[in-house]
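Architecture at a glance
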Amino acid sequence: MISPASINNDQLLYSLFEFNPHAITVINRKGQFIKVNIAARELSGYTEEELHGSPFEKVIMQEEHKKVLAYSQRAFNGVLQTFETAFVHKEGYRIDLSATVVPVRDSVRVQSLVVILQDITISKRSLERIKFMAHYDDMTGIPNRRFFRDHLESALQIALNSNSNLAVFYLDIDRFKLYNDSFGHDVGNMLLMQVAERLMRCVSEGDVAARMEGDEFAIFYTDIVGIENVEKLAKQIYQQLEQPFQYQGYDLHITVSIGISMNTNRQISADEIMKNADIALSKAKEMGRNTSQFYTISMEQSTLDRLKLETDLRLAIQRDEFELYYQPQVDIFTGEIIGMESLIRWNHPLKGIVAPDSFIPLLEECGLIIPVGEKVIEWACRQNVAWQNEGLPKFPIAVNLSVKQFLQPGIVDRIRDILLETSLEPGYLELEITESVTLDVEYAENILNDLQRLGVLISIDDFGTGYSSLRYLKRFPISRLKIDRSFVRDIMVDQNDAQIVQTIIAMARHLNMNVIAEGVETEEQLNYLRRHQCMEIQGYYISRPLPVQAITKWMGEWEPTHISGDLS
Ligand code: C2E
Ligand code: CA
Ligand code: CA
């Protein structure tokens, strides 16, 4: 063992200096290197000879010279200094350093400085990376929501001070989910990256484009002069996105909806203007996509109205405010009642009877259509059993099934349960579906076949308005087509509509399906349909939809001869 006394102090100091894992140099009063340890030589890439006697500026980054000089000055005044700086490696790259500068004095003054350096390049980079990640979107590499919001906040302040205008665009890819679901996530991601890239081409200095979340992007433009300017910018975006996106030989076309909001010379927060653009975006989507919409105050009102309506609807379920009305369907030749369609009404405590068109879409959107729709099926079945028990002639009651309900897993079982619970024979329940449920042919075919096996009837509602897969129609077990009332309405005045009606009648016959005309209001319409061999009708001409009591009374008074007559 070596005793401490046997170690020479100079040797100890030398070893501590030379072999220290930190880079250490000693600098004289002229700012020249007079000693450089191994770690410092390795860190800088220079040899001892190359550094010895050269001024420290030789290695320090140009822009750091002044700062480092100031710190050295203070150290020469006897005060220890620590600071961050950077130097250039002999090969030319930057190295970030944390420096501790220790004054070494003799009896008179500080003669030299010991500079201890630590390479902080890596930790600094990861800090920058963290900062970057906090402000940029991972996938696309463009600014993220936070970046957008922060920059928008200051841009709004500048706009206010300089009396200039700023526009916020919110964009959303139409039917993005469809691309994602049908082509896979790779395609979805590819689209997002390319859209991001194209949007970056639409901005100039001072503007910011960002990915907000999912398939939602935003851009703000500064120095807007007039609405035309905004329209031009929107057009530019549409042009950028018009070109197809390539994926493995496919040409994919996308469209976007855009919501636009402006500060219009007033104080408005980033959050508020972003919210407004988002509201305008939802409006654009409602308008049928591939369009842009300016934010207006009334939009906010309509959003508020919707929120209120949704709350009201939830209450309506709890308070049992829904009721079924019934509208009869009759045979055009015999005048017999061949069925009833059940139509939902909302007994609103203040507004009175509310028609379904104003609340069914919202029920669908918020998913409430499932529980409400089940109730409707149950009520219709119960009512039918009640009428049959009263000894009235038997006929099927039709229930409107929304797409959401149709696509609900387990729908067939639910209907089977309801039939059992209410003891209605399946043949007396008819389900009205729309052409849109047949979009996924395979799926629709399975469900429809199950329903047929169950024994219920299926009809296609509003026929002629959707783009149904006509060629698949014969694969589906459909018992009848309902000619949409928009064709029936103009049957006597519009040659086209008359043609369509005749075609549907012919087609139904060919496919061995029944056909019923909806919305028959006049005797002329009835006679026309009769002449063209449409066997069944429904409409105000026979009766409006009525609540249970009224329709029961109506049935008691109905005489088939009411519509018999002109058969020519
Ligand atoms: P829809 O299935 O096409 O129902 C026929 C609509 O036409 C009914 O409107 C009915 O009142 C109306 N109508 C019947 N005859 C005539 C006529 O001669 N002239 C005119 N101008 N109109 C006539 P309503 O009851 O307002 O229902 C509107 C829509 O709401 C229905 O259209 C249906 O799509 C939906 N709906 C109604 N009840 C339900 C329901 O329980 N569930 C679901 N999912 N949708 C329902
Ligand atoms: Ca219907
Ligand atoms: Ca209809």
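Everything below is about the structure shown above.
Described below are features of the structure shown in this document. Just so it is clear, the model here is predicted, and its values are computed rather than measured.

Quick notes on the environment of Gly410
The topology assignment puts Gly410 in the loop between helix H14 (403-407) and helix H15 (411-422). Once the C-alpha coordinates of Gly410 and Leu451 are considered, the two residues, 41 residues apart in sequence, prove to be 11 Å apart.

A word on the coordination of the calcium ion (ligand 2)
Around the calcium ion (ligand 2), the donor atoms from the protein are Glu341 (OE), Asn400 (OD1), Glu432 (OE) and Asp461 (OD), and they sit 2.1 to 2.3 Å away. Site description for the calcium ion (ligand 2): donor spacing in sequence, E-x58-N-x31-E-x28-D. For the pair the calcium ion (ligand 2) and the calcium ion (ligand 3), the metal-to-metal distance amounts to 3.9 Å, and Asp461 bridges them. Taken together, the positions of Glu341 in strand E14 (residues 337-348) and Glu432 in strand E17 (residues 429-433) put the pair 91 residues apart, joining distant regions of the chain. In this structure, Glu341 and Glu432 share a single accessibility class: buried.

Some points on the coordination of the calcium ion (ligand 3)
At this site the calcium ion (ligand 3) is bound by Asp461 (OD), Asp462 (OD), Glu518 (OE) and Glu518 (OE), with donor distances of 2.2 to 2.7 Å. In terms of primary sequence, the donors binding the calcium ion (ligand 3) are separated according to D-D-x55-E. Given a relative accessible area of 7%, Asp461 falls into the buried group.

A word on the sheet that holds strand E2 (residues 33-36)
Each strand in a sheet pairs with its neighbour through backbone hydrogen bonds, running either in the same direction (parallel) or in the opposite one (antiparallel). Spatial ordering of the open sheet is given by E2-E1-E5-E4-E3, a layout of 5 strands whose pairing is antiparallel. Either end of the sheet is taken by a strand with one partner, and the two such strands are E2 and strand E3 (81-88). Strand-to-strand twist in this sheet, taken as the mean axis angle between neighbours without regard to direction, amounts to 30°. In terms of strand pairing, strand E1 (residues 23-28) meets strand E5 (residues 110-119) through 6 bridges, oriented antiparallel. Bridged to Ile27 within E5 is Leu113. Each of E1, E3, strand E4 (94-105) and E5 is contacted by helix H4 (residues 65-76), which is oriented at about 145° to E3, the strand it contacts most. Against the sheet, helix H5 (residues 121-135) engages E3, E4 and E5, with an angle of about 130° to E4.

With respect to unusual backbone geometry
Even without glycine at this site, Asn163 takes up a positive phi of about 55°. Judged by relative accessible area, which is 60%, Asn163 ranks as exposed. Phi at Asp462 is positive, roughly 50°, even though this residue is not glycine. With respect to the element layout, Asp462 can be found in strand E18 (residues 457-463).

Conventions and cut-offs
- Residues numbered from 1 in each chain as written.
- Chains lettered and ligands numbered in written order.
- Predicted model: local features only at pLDDT ≥ 70, side-chain atom pairs only at ≥ 80, totals over all residues.
- Heavy atoms only, no water.
- Helix = DSSP H or I, 4+ residues; strand = E, 2+ residues; numbered from the N terminus.
- Donors = N, O, S within 2.8 Å, 3.2 Å for Na, K, Ca; no water.
- Buried < 20%, exposed > 50% of the residue type's maximum accessible area, 1.4 Å probe, protein only.
- Pairing = 2+ DSSP bridges.
- Axes fitted to C-alpha atoms, helices over the stretch in contact; angles between N-to-C directions.
- Contact = heavy atoms within 4.5 Å.

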